[in-house]
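What follows is each chain in one-letter form.
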Amino acid sequence: MKNKHLLIVDDEASTRESLRMVFEKDYAVSLATSAAEARQIVARSNIDLVLLDIIMPDVDGITFLHELHTEYPDLPVVMISAASSVKRVVEAMKEGAWDYVTKPFDVAELRHIVSRALENSRLRRKLHELQCEVAEEFPVDRIVGNAPLFAQALQVVRKAASTDSTILIIGESGTGKELIARLVHRLSPRRDEPFVPVHCGAIPEQLMESELFGYEKGAFTGADRRKPGRFDMAGSGTIFFDEISETPHSAQVKLLRVLQEREFVRVGGSEVVRTDARIVAATAQNLEKLVEQGRFRRDLFYRLSVVPVRLPPLRNRREDIPLLAQYFLNYFGRKVGSRLSSIDRDAMRLLLRYDWPGNIRELRNLIERMAVLHRDQDMLQPEFLPEEFHVQNLFAPLHAGTFTLEEAVNDFERHLVIDALKKAGGVQTRAAELLGTTRRILKYRIEKLNIQPQDFRPTVSSPQKERP
Ligand SMILES: Nc1ncnc2c1ncn2[C@@H]1O[C@H](COP(=O)(O)OP(=O)(O)OP(=O)(O)O)[C@@H](O)[C@H]1O
Ligand SMILES: [Mg+2]
């Protein structure tokens with residue numbers, strides 16, 4: 001894949017042509033005969049490296065180097081010099097040139113210098129990304145779970161990742177959309193290029209366009225220099241539109257154009273800039289519904305959902321709860337130096353039965369809290385869990401594989417018996433009547449299920465006493 005783009009700037013046709021011949025097999029190559037021309041090409045395309053003649057007809061090579069270095073500090077520039085201008089080379093290196101080559105060229109050396117410069121800027125970008133990840137303090141590479149619904153989604157991701165197709169990740173909050181978007185990038189041939197997230201809801205409408213596409217110097221008051229946008233930053237990497245449903249209408253139009261034409265115009269600019277970035281978007285909202293309500297553009301929706309990936313909510317993949325809980329327990333145990341390392345069986349049953357409205361993020365946060373608060377315990381006990389886990393929810397769907405039949409039936413029975421005892425104010429004969437059974441059988445059940453008086457006695461003061 002010729003995914004790197006070189007620009008050769010030299011006023012001498014023979015030099016341009018010989019350099020083109022050296023590089024065109026491995027890279028995309030553009031040629032410029034003057035600084036003015038070079039300036040336009042750099043602005044329009046995502047150039048990865050410039051080979052720049054030190055002697056130029058319009059501007060002095062070193063002056064132009066200075067200009068490039070100020071506007072694009074991460075763009076490596078290799079100077080081309082005649083044997084007679086060695087002194088100028090020293091100047092150029094001081095101005096931030098990556099390296100230099102002297103005419104006549106040694107082809108092997110030339111290739112080596114260029115590939116090292118490209119490798120270096122790739123590593124610098126990678127380093128920057130890793131630093132951001134470390135700052136996030138959470139490994140993004142571990143993806144836990146093998147429930148069928150989740151495995152299906154992963155299957156789609158694996159197949160689509162290596163292509164250039166746009167992917168739309170759909171899932172409730174906390175189901176792992178961003179994690180999957182990063183996985184797409186990591187499994188794609190673009191893995192060494194940048195991954196650039198855009199939180200569509202977090203950018204004010206009036207700034208959206210300049211955030212995405214950048215602006216030209218003088219585009220508005222205060223724009224004293226050109227600023228690259230997210231598409232520039234992404235280069236031929238991946239750009240991730242999170243909460244795409246929040247994109248303001250005006251920006252939806254602009255995005256559609258990028259998706260259709262693969263090009264954009266900077267704010268205050270007139271040049272059409274090409275982009276090679278891969279697009280991944282995520283939404284917690286039902287976009288189809290928003291389309292029907294006229295709140296999201298239908299054409300944009302179709303362009304985005306080329307490959308839809310649906311992430312199931314945690315309550316529909318309960319079999320993954322033990323795996324995830326143990327994974328987070330190990331992780332946070334190590335991180336906060338907690339002894340807590342296993343989960344009691346009854347506590348696990350409460351985790352399995354809970355509905356998890358905040359999905360995996362909620363589970364992760366809970367386990368982190370447990371690891372911190374009970375750092376001197378070995379096992380997570382049911383009573384460590386907050387109130388909402390103890391509220392009996394008869395209607396929580398039960399999944400084979402998460403409870404044995406006996407556990408599920410006992411649970412069900414226990415719930416009914418306690419409810420009857422509560423309604424009967426603790427009087428067993430009345431509770432038995434409510435359940436359509438005898439007092440003797442009820443007594444037997446109470447013992448078998450180990451129901452204690454505190455299970456059915458009201459925890460707040462009795463309503464009678466509260467009445468005036
Ligand atoms: N399968 C998984 N294995 C391990 N960790 C996971 C998994 N899925 C999600 N997580 C973790 O759960 C948390 C929430 O995931 P993520 O931020 O990707 O969700 P999201 O869908 O983007 O949420 P939101 O809609 O709130 O932005 C993260 O800390 C992530 O690392
Ligand atoms: Mg997210």
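Just so you know, the residues in each chain are numbered from 1, in the order the chain's sequence is written. Here the convention is simple: chains get letters from A, ligands get numbers from 1, in the order in which they are written. Given that this is a predicted model, residues contribute local features only at a pLDDT of at least 70 and side-chain atom pairs are listed and counted only at 80 or more, while totals for whole chains, interfaces and linings are drawn from all residues. Computation of side-chain values: all heavy atoms of the structure, hydrogens and water removed.

Looking at the sheet that holds strand β7 (residues 195-199)
Right, so step 1: Strands are treated as partners if at least two bridges between them are detected by DSSP. Under the scheme used here, helices are H or I runs from DSSP no shorter than 4 residues and strands are E runs no shorter than 2 residues, and both carry numbers assigned from the N terminus. As summarised here, the arrangement of the five strands in space is β7-β8-β11-β6-β12, forming an open sheet in which the pairing is parallel. Looking at which strands have only one partner, the edges of the open sheet turn out to be β7 and β12 (307-310). Direction aside, the axes of adjacent strands within the sheet are offset by 20 degrees on average.
Right, so step 2: Sheet analysis places strand β8 (residues 238-242) next to strand β11 (residues 278-283), joined by four bridges and oriented parallel. Think of each axis as a best-fit line through the C-alpha atoms, taken over the contacting stretch in the case of a helix, with angles from 0 to 180 degrees between the N-to-C directions.

Points about the pairing of strand β5 (residues 99-103)
Right, so step 1: One ladder, built from five bridges, connects strand β4 (residues 77-82) with β5; its direction is parallel. Note on β5: the bridge partner recorded for M79 is Y100.
Right, so step 2: When the strands point away from the viewer, a crossover counts as right-handed if the path from the first strand over the helix to the second runs clockwise. Note on the crossover from β4 through helix α4 (residues 86-94) to β5: the handedness is right-handed.

What about the pairing of β12?
Right, so step 1: Every second residue of β12 is oriented toward a common face, the buried set being V307 and V309 and the non-buried set P308 and R310.
Right, so step 2: Bridge count between strand β6 (residues 167-170) and β12: four bridges; the pairing is parallel. Looking at the pairing, I169 lines up with V309 of β12. Remark: exposure states derive from per-residue accessible area (1.4 Å probe, protein chains only) relative to the maximum for the residue type, with buried under 20%, exposed over 50%, and partly exposed in between.

A closer look at the pattern of salt bridges
Right, so step 1: When a carboxyl oxygen of Asp or Glu lies within 4 Å of a side-chain nitrogen of Lys or Arg, that pair is called a salt bridge. Applying the stated criterion across every chain, the model contains 30 salt bridges.
Right, so step 2: Here R339 and D378 are joined by a salt bridge, their closest N and O atoms 2.9 Å apart. One end of the pair, R339, is in the loop between α13 (321-336) and β13 (342-343); the other, D378, is in the loop between α15 (359-373) and β14 (379-380), and 39 residues separate them in sequence.
Right, so step 3: A relative accessible area of 40% means that D378 is categorised as partly exposed.
Right, so step 4: Among the charged side chains, a network of salt bridges with common partners joins E71, E216, R226, D232 and R266.

Regarding the domain arrangement of the protein chain
Right, so step 1: Where each domain begins and ends follows an automated or database-derived domain assignment. According to the domain assignment, the protein chain contains domain 1 (5-124), domain 2 (148-312), domain 3 (315-389) and domain 4 (405-466).
Right, so step 2: Summarising the inter-unit geometry, the C-alpha centres of domain 2 and domain 3 are found 34 Å apart.
Right, so step 3: Listed by partner, the interface residues are eight residues for domain 2 and ten residues for domain 3.
Right, so step 4: Two parts placed together each lose some accessible area under a 1.4 Å probe, and the buried area is that loss summed for both. Per-residue buried area on domain 2 facing domain 3 is highest for F150, E172 and G174; these three make up 51% of the total on that side.
Right, so step 5: Our enumeration of links across domain 2 and domain 3 arrives at one salt bridge. Contacts are residue-level and defined by heavy atoms, with any inter-residue pair within 4.5 Å sufficient.

Examining α15
Right, so step 1: In this analysis, the expected span of each helix is defined as 1.5 Å times one less than the number of residues it contains. For α15, which comprises 15 residues, the first-to-last C-alpha distance of 21 Å matches the rise-based estimate of 21 Å (1.5 Å per residue) to within 8%.
Right, so step 2: Among all positions in α15, only N359, I360, L363, L366, I367, M370 and A371 are buried. An end-on view of α15 places all buried positions within 135 degrees of arc, on one side of the element. The directions from the helix axis to the C-beta atoms are what the arc is built from.

Topic: the packing of helix α6 (residues 148-161) against helix α7 (residues 177-186)
Right, so step 1: For the pair α6 and α7, interaxial distance at closest approach is 8 Å and the crossing angle is 35 degrees. In this structure, α6 crosses over α7, and the sense of that crossing is right-handed. For the pair α6 and α7, contact is made by L154, V157 and A161 and by I180, L183 and V184, respectively.
Right, so step 2: Class assignment for the residues of the contact of α6 with α7 results in six nonpolar, no polar and no charged. Working rule for handedness: look at the near helix, and if it is turned counterclockwise from the far one by less than a right angle, call the crossing left-handed; if clockwise, right-handed. Classes in brief: Ala, Val, Leu, Ile, Met, Phe, Trp, Tyr, Cys and Pro nonpolar; Asp, Glu, Lys and Arg charged; the others, Gly included, polar.

Things to note about the environment of L442
Right, so step 1: Along the chain, the position of L442 falls in helix α18 (residues 439-448).
Right, so step 2: Counting along the chain gives 116 residues from L442 to Q326, while the straight-line C-alpha distance between them is 38 Å.
Right, so step 3: When near neighbours in sequence (up to four residues on either side) are disregarded, L442 contacts V417, Q428, A431, A432 and L435.

A word on the site of ligand 1
Right, so step 1: Note on definitions. A residue lies near a molecule or strand when any single heavy atom of the residue is within 4 Å of it. In the neighbourhood of ligand 1, 19 residues make up the surrounding shell, with V144, G174, K177, R361 and R364 lying closest.
Right, so step 2: Two N or O atoms form a polar contact when they lie within 3.5 Å of each other; inside protein one atom must be a possible hydrogen donor and the other a possible acceptor, and for residues adjacent in sequence the pair counts only when both atoms belong to side chains. G176 has a polar backbone atom sitting 3.1 Å from an oxygen atom of ligand 1.
Right, so step 3: Residue L179 places a main-chain N or O atom 3.0 Å away from an oxygen atom belonging to ligand 1.
Right, so step 4: Expressed as a share of its isolated accessible area of 630 Å², the protein-covered part of ligand 1 is 89%.
Right, so step 5: Counting only elements with at least two residues in the shell around ligand 1, the list comes to α7, α13 and α15.
Right, so step 6: The residue inventory of the shell around ligand 1, partitioned by class, reads nine nonpolar, four polar and six charged. The accessible surface values rely on the Shrake-Rupley method and a 1.4 Å probe; as for residues, cover is taken only from the protein chains in view.

Thoughts on the nonpolar core
Right, so step 1: Counting 30 residues, the largest nonpolar core has L212, F231, I239, F241, I244, F296 and L304 as the members making the most contacts within it.
Right, so step 2: Sorting the residues of this core by element identifies β7, α8 (205-213), α9 (230-234), β8, α10 (249-261), β11, α11 (287-292) and α12 (298-304) as the ones contributing at least two each.
Right, so step 3: Ranked by residues supplied to this core, first place goes to α10 with five residues.
Right, so step 4: Counting 29 residues, the second-largest nonpolar core is a separate cluster that includes I321, A325, Y331 and L363. Residues grouped as a nonpolar core are buried Ala, Val, Leu, Ile, Met, Phe, Trp, Tyr and Cys residues, joined through side-chain atoms within 4.5 Å.

What to know about unusual backbone geometry
Right, so step 1: The omega torsion of the bond from K103 to P104 falls at -5 degrees, within 30 degrees of zero and hence cis.
Right, so step 2: Along the chain, the position of P104 falls in the loop between β5 and α5 (107-136).
Right, so step 3: With a phi angle near 50 degrees, E243 is a residue other than glycine that sits in the positive phi range.
Right, so step 4: You can see E243 is positioned in the loop between β8 and α10.
Right, so step 5: For E243, a relative accessible area of 25% gives the class partly exposed.
Right, so step 6: For N359, which is not a glycine, the phi torsion comes out positive at approximately 55 degrees.
Right, so step 7: Residue position: N359 is located in helix α15.

Points about the sheet that holds β5
Right, so step 1: One open sheet accounts for five strands, arranged β2-β1-β3-β4-β5; its pairing is parallel. Across the chains shown, the open sheet's two edge strands, defined by having one partner strand only, are β2 (28-32) and β5. The mean angle between the axes of side-by-side strands here comes to 20 degrees, regardless of whether they run parallel or antiparallel.
Right, so step 2: Bridge count between strand β1 (residues 5-9) and β2: five bridges; the pairing is parallel. Counterpart to H5 in the pairing with β2 is A28.
Right, so step 3: Along the sheet face, helix α1 (residues 13-23) touches β1, β2, β3 (49-53), β4 and β5 and points at about 175 degrees away from the line of β2.
Right, so step 4: Lying on the sheet, helix α3 (residues 61-71) is in contact with β3 and β4; it crosses β3 at an angle near 160 degrees.

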